[in-house]
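Commentary on secondary and tertiary structure
Chain by chain, the residues run as shown.
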Amino acid sequence: ELREIVFVIQSQSNSFHSKRAEELKRDLLKQAVDLGKELPTVLLIHQIDRHEGAWTILPLMRDFSVTYGRNSSWIFFCEEDTRVQVVKLLETLKRFDKSKEWFLGKALYDEESTIIHHYAFAENPTVFKFPDFAAGWALSIPLVNKLAKNLKSEPLKSDFTIDLKHEIALYIWQKGEGPHLTPVPEFCTGDVNSYKADHCATTFSNFLPLCGEPVNKEDVFVAVKTCRKFHGDRIPVVKQTWEREAALIEYYSDYADISIPTIDLGVPNTDRGHCGKTFAILERFLNHTSPRTPWLVVVDDDTLISIFRLRKLLSCYDPNEPVFLGERYGYGLGTGGYSYITGGGGMVFSRTAVQKLLASKCRCYSMDAPDDMVLGMCFSGLGIPITHSPLFHQARPMDYPKDYLSHQIPVSFHKHWNIDPVKVYFTWLAPNTEESHNGKKVGYNREDL
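Residues numbered from 1 in each chain as written. Predicted model: local features only at pLDDT ≥ 70, side-chain atom pairs only at ≥ 80, totals over all residues. Heavy atoms only, no water.

Re the packing of helix 7 (residues 275-288) against helix 9 (residues 351-359)
Each pair of packed helices can be described by the angle between their axes along with the distance between the axes. At a minimum axis separation of 10 Å, helix 7 and helix 9 run at an interaxial angle of 115°. Handedness of the crossing formed by helix 7 with helix 9: left-handed. Contacts from Phe279, Leu282, Glu283, Phe285 and Leu286 in helix 7 reach Arg351, Val354, Gln355, Leu357 and Leu358 in helix 9. Grouping the amino acids of the contact of helix 7 with helix 9 by side-chain chemistry returns seven nonpolar, one polar and two charged. (Axes fitted to C-alpha atoms, helices over the stretch in contact; angles between N-to-C directions. Helix = DSSP H or I, 4+ residues; strand = E, 2+ residues; numbered from the N terminus. Left-handed = near helix turned anticlockwise from the far one by under 90°. Contact = heavy atoms within 4.5 Å. Nonpolar A, V, L, I, M, F, W, Y, C, P; charged D, E, K, R; others polar.)

Description of the nonpolar core
Counting 85 residues, the largest nonpolar core has Met61, Phe64 and Leu139 as its most contacted members. Here this core gathers at least three residues from each of two domains, domain 1 (2-204) and domain 2 (217-429). Contact partners of Phe64, with chain neighbours within four places excluded, come to Val8, Leu43, Gly69, Ile75, Phe77 and Val144. (Core = buried A, V, L, I, M, F, W, Y, C linked by side-chain atoms within 4.5 Å. Buried < 20%, exposed > 50% of the residue type's maximum accessible area, 1.4 Å probe, protein only. Domains from an automatic or database assignment.)

Considering the sheet that holds strand 10 (residues 182-183)
Taking strand neighbours across the sheet as the criterion, the six strands line up as 2-1-3-8-5-10 in an open arrangement whose pairing is mixed. This sheet does not close on itself; its edge strands, each paired only once, are strand 2 (41-44) and strand 10. Sheet contacts for helix 1 (residues 15-34): strand 1 (5-10), strand 2 and strand 3 (74-79); angle to strand 2, the most-contacted strand, approximately 175°. Here helix 3 (residues 86-94) sits on the sheet in contact with strand 1, strand 3, strand 5 (103-105) and strand 8 (137-140), set at roughly 115° to strand 1. (Pairing = 2+ DSSP bridges.)

Points about the UniProt feature "domain: Fringe-like glycosyltransferase" (unreviewed entry) in the protein
Those residues carrying the UniProt feature "domain: Fringe-like glycosyltransferase" (unreviewed entry) are residues 67-151 and 214-424 in this numbering. Helix makes up 26% of residues 67-151 and strand 24%. Its end C-alpha atoms lie 16 Å apart. (UniProt positions renumbered as here; feature names shortened; annotations may be inferred.)

Concerning the pairing of strand 1
Burial within strand 1 is extensive, with six of its six residues counted as buried. By the alternation rule, side chains of strand 1 split into Ile5, Phe7 and Ile9 and Val6, Val8 and Gln10, which are all buried. Strand direction decides the pairing type here: strand 1 and strand 3, joined by six bridges, are parallel. Among the inter-strand pairings, Phe7 is bridged to a residue of strand 3, identified as Phe76. Judged from the four bridges that link them, strand 1 and strand 2 form a sheet pairing that is parallel. If you follow Phe7 over to strand 2, its bridge partner there is Val42. Each parallel crossover has a hand, and the one from strand 1 via helix 1 to strand 2 is right-handed. (Right-handed = clockwise from strand over helix to strand, strands pointing away.)

Details of the packing of aromatic side chains
Here the structure, examined in full by the defined rule, presents 23 aromatic pairs. Between Tyr338 and Tyr340 the ring centres are 6.3 Å apart and the planes differ by 55°, which places this aromatic pair in the tilted class. Relative accessible area serves as the criterion here: at 10%, Tyr338 is assigned to the buried category. By the ring-pair criterion, three or more aromatic residues cluster together here, those being Phe64, Tyr68, Phe77, Phe103, Phe133 and Trp137. For Arg228, the ring lying beneath its charged end belongs to Tyr255, and the centroid distance is 3.7 Å. Between the NZ or CZ atom of Arg234 and the centre of the ring of Phe230, over which it lies, the distance is 3.5 Å. (Phe/Tyr/Trp six-rings, centres within 6.5 Å; stacked < 30°, edge-to-face > 60°. Lys NZ or Arg CZ within 6 Å of the ring centre and 35° of its normal.)

Considering the domain arrangement of the protein
As assigned here, the protein comprises domain 1 (2-204) and domain 2 (217-429). In this complex, domain 1 contributes 31 residues to the contact, which on the side of domain 2 involves 32 residues. Taken over both partners, the interface formed by domain 1 and domain 2 buries close to 2,600 Å², and the fraction arising from carbon and sulfur atoms is 54%. Area buried by domain 1 at its contact with domain 2 is led by Gln12, Glu52 and Trp55, which between them contribute 21% of it. Inspection of the region where domain 1 meets domain 2 yields ten residue pairs in polar contact (both at pLDDT 80 or more). Here the side of domain 1 that touches domain 2 gets three residues from one element, more than from any other, and that element is helix 1. (Buried area = accessible area lost by both parts, 1.4 Å probe. Polar contact = N/O pair within 3.5 Å; in protein donor to acceptor, adjacent residues only side chain to side chain.)

Observations regarding the state of the cysteines
Every disulfide links exactly two cysteines, by a covalent bond between their sulfur atoms. Overall, the coordinates contain four disulfides when judged by the stated rule. A sulfur-sulfur separation of 2.2 Å characterises the disulfide bridge that pairs Cys275 with Cys364. Judged by the torsion about the S-S bond (-90°), the Cys275/Cys364 disulfide is left-handed. Remark: Cys364 occurs in the loop between helix 9 and helix 10 (371-381) and Cys275 occurs in helix 7; sequence separation between them is 89 residues. Residue Cys364 is classed as partly exposed on the basis of its relative accessible area, which comes to 22%. When the bonded cysteines of the protein are counted from the start of the sequence, the pairing works out to 1-2, 3-5, 4-7, 6-8. Free cysteine: Cys227, not disulfide-bonded; nearest cysteine sulfur from Cys275 at 17 Å. Classification of Cys227 by relative accessible area gives buried; the value is 4%. (Disulfide = S-S within 2.5 Å.)

Here's the deal with the packing of helix 7 against helix 10
Contact pair helix 7 / helix 10: the axes reach a minimum separation of 8 Å and the direction vectors enclose 60°. With respect to their mutual orientation, helix 7 and helix 10 come out oblique. For the pair helix 7 and helix 10, the contacting residues are Cys275, Thr278, Phe279 and Leu282 in the first and Asp371, Val374, Leu375 and Cys378 in the second. Broken down by class, the residue content of the contact of helix 7 with helix 10 amounts to six nonpolar, one polar and one charged. (Parallel < 35°, antiparallel > 145°, perpendicular 65-115°, else oblique.)

Here's the deal with the side chain of Thr202
Following the sequence through the fold, Thr202 ends up in strand 11 (residues 202-204). Engagement of the side chain of Thr202 in a polar contact is seen with the backbone oxygen of Ala135, the distance being 2.7 Å. Among the polar contacts made by the side chain of Thr202, one reaches the main-chain amide nitrogen of Cys188 at a distance of 3.0 Å.

Concerning helix 12 (residues 421-429)
An α-helix turns once every 3.6 residues. As a result, residues three or four positions apart point the same way. Along helix 12, eight of the nine residues are buried, which leaves the element largely enclosed by surrounding structure. Those residues of helix 12 that sit buried are Pro421, Val422, Val424, Tyr425, Phe426, Thr427, Trp428 and Leu429.

Take a look at the structure:
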């Protein structure tokens, strides 16, 4: 029965995202009414605010078990842009015995072992399957009850949440003692309008949101963090690739090099974190750029980014809100902790967010502290939520499953390690993949990368 399914939308409190999640909730309830069914429970993750780590799902298992363990059969998770055909979802779930432990989803796997999964299953990473959240995924209540029990006696091993879908699958698997992910062909990430979607219970069609005209070039100020030792090899890549997309860009270094040009912020380079440098950039943005420039993007010198796509994405956000946007990671979320935007994929701030942060007096505990984590701590203390976008990437294209990237129009990748970064840019991030480069047309095949 539909009332036996608890729908959990992996929502966020930013106004753009919460609106999208509310629309999905209304759609699910309308489908139930149209079917003449008793209404299911529909929860929005960001409203379950007892826990900073609600988005990491596992800390909620005890609540789910206590509240829904008796009268429900399934917890079905989906993203705000997942489209659900309720009738087909019911038909699909009926195939599985609800009294058993089931972990259902659309299976992703690593082609090669990758740093974002701590090189798990290095012998053969393709053997371990984890769910693509965009297609929706489901846990049977017996499994939810078991996880709630396990989490009491065996808390999460790592303090860090880096790739939630992989980490949840690992925890459920319990070194082979628990269930593997069961692939469900009806959980899809194809476009809802595709002929292939006829058999699908779920679809996903949000490649890159656009909520009106892209923001103006002059509305985005780009700050590139670099240092003297990388002026010769990393900065030329920026200049060959995405620099031309940025109307306002400055390079911040420990050495003023007029040929680039770089600005010496008077902060010595450190081998560890760059907290001192990043806070100096935030101060400079607030005090030395036009107050009419609403957005700041801070990137590393080995970040590959599409400013063109970012301008489209930013059309969905209100710069009058304190927005801190990028790829979300978590630290210590099982025990309080905080979320943060990981720096390598690019950190996007609304001017309002920078103003609130600097007015708060929250600062680096040391100059070489990890800037992204300190920022996460500060914003968490201010009650300003992190806004996650899966279009920002802390690693290289080959560090992600092909199927996962296939329903994205990415905004950024990070690292030049063992890749041709210029080729990666023109393949994945250029305004179109057939881009004029040094007067020649180049078109690369993503499969080669």
